[in-house]
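# Summary of structural features
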Amino acid sequence: MTPAVIQLAAEAAERQSAEVTSFGARMAWVVGLAVFVAFVYWLMRQGWKWRGALQNDLPELPAAPDGLPEHRLALTGRYHGSTTAGQWLDRIVAHGLGLRSRVELTLTDAGLDVVRPGANDFFVPAAQLRGARLDKGIAGKVLTEGGLLVVTWAHGDKLIDSGFRSDRAAEHAAWVEAINHMNQSITTEGAER
């Protein structure tokens, strides 16, 4: 072999072999990425706390009174959160209203009892109910059209939309009718006085 051929073979071998990645450099990238992800999660948590601090003017949630009358309707399902009424992306996080959870919902003549295992329970007195409708979404949850039961209620000086999804979605229509009928009865009684 001539020196020119040897040199050409060496150059070809150099072009074909890729440089091996340094283990230290790879670990630095992995650690850097993990720190970045942790920082993003920390920022999200701080944003959640900040939103809660902005909403601290919201009064404490009422608890269900003792001796509730017999229920009109009951359902089990999911509580998907609460927002400012009419603004489906303005999530309310104060007093645990932003936490998703399982729910046992009971409608009585006294109001709406919301029992949430693992989260704060609350009660909406009948006089505070403003209506109900079927919708497709509420902050962080989008379903098919009519897949979400949204109940509008007053708390303090704020109107709130709370989103629920029953384990049996066919029940939603009965809830909308019952709450809206209850609201009309209360409004009519108040007008007569």
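Structural data are supplied above this passage.
Notes on the structure in this doc start here. (Residues numbered from 1 in each chain as written. Predicted model: local features only at pLDDT ≥ 70, side-chain atom pairs only at ≥ 80, totals over all residues. Heavy atoms only, no water.)

In this section: the pattern of salt bridges. For the structure on display, the rule yields 5 salt bridges. One salt bridge connects aspartate 135 with arginine 133, and the closest N-O pair in it is separated by 3.2 Å. Several salt bridges share partner residues, and in doing so they unite Arg133, Asp135 and Asp161 into one network. (Salt bridge = Lys/Arg side-chain N within 4 Å of Asp/Glu carboxyl O.)

Scanning all chains against the criterion turns up 4 aromatic pairs. Their ring planes at 55° and their centres at 5.5 Å tell us that tyrosine 79 and phenylalanine 164 sit as a pair that is tilted. Of this pair, tyrosine 79 sits in strand β1 (residues 71–84) while phenylalanine 164 is found in strand β10 (residues 158–166), placing the two residues 85 residues apart along the sequence. (Phe/Tyr/Trp six-rings, centres within 6.5 Å; stacked < 30°, edge-to-face > 60°. Helix = DSSP H or I, 4+ residues; strand = E, 2+ residues; numbered from the N terminus.)

Before going further, it helps to spend a moment on the nonpolar core. Grouped together as the largest cluster of nonpolar side chains are 27 residues, with contacts concentrated most on Leu105, Leu112, Leu149 and Val151. Every element with two or more residues in this core is listed here: β1, β3 (101–108), β4 (111–115), β5 (122–125), β6 (129–135), β9 (148–155), β10 and α3 (172–192). No other element matches the 5 residues that α3 contributes to this core. Once residues within four sequence positions are removed from consideration, leucine 149 is found in contact with Leu75, Leu105, Ala132, Arg133, Leu134, Ser162, Gly163, Phe164, His172, Trp175 and Val176. (Core = buried A, V, L, I, M, F, W, Y, C linked by side-chain atoms within 4.5 Å. Buried < 20%, exposed > 50% of the residue type's maximum accessible area, 1.4 Å probe, protein only. Contact = heavy atoms within 4.5 Å.)

This part is about empty space enclosed by the protein. A complete count under the given rule lists 1 cavity of 30 Å³ or more for this structure. Computed from the structure, the largest cavity encloses a volume of approximately 30 Å³. Taken together, Thr83, Gly86, Gln87, Trp88, Arg133, Gly137, Ile138, Val150 and Asp161 make up the full set of residues lining the largest cavity. (1 Å grid on protein atoms, 1.4 Å probe; cavity = no way out; pocket = protein on both sides within 12 Å on 5 of 7 lines; lining within 4 Å. Points joined across faces, edges and corners; volume = space filled by probe spheres on them.)

Note that every value here comes from positions in space, so none of it alone points to a role or purpose.
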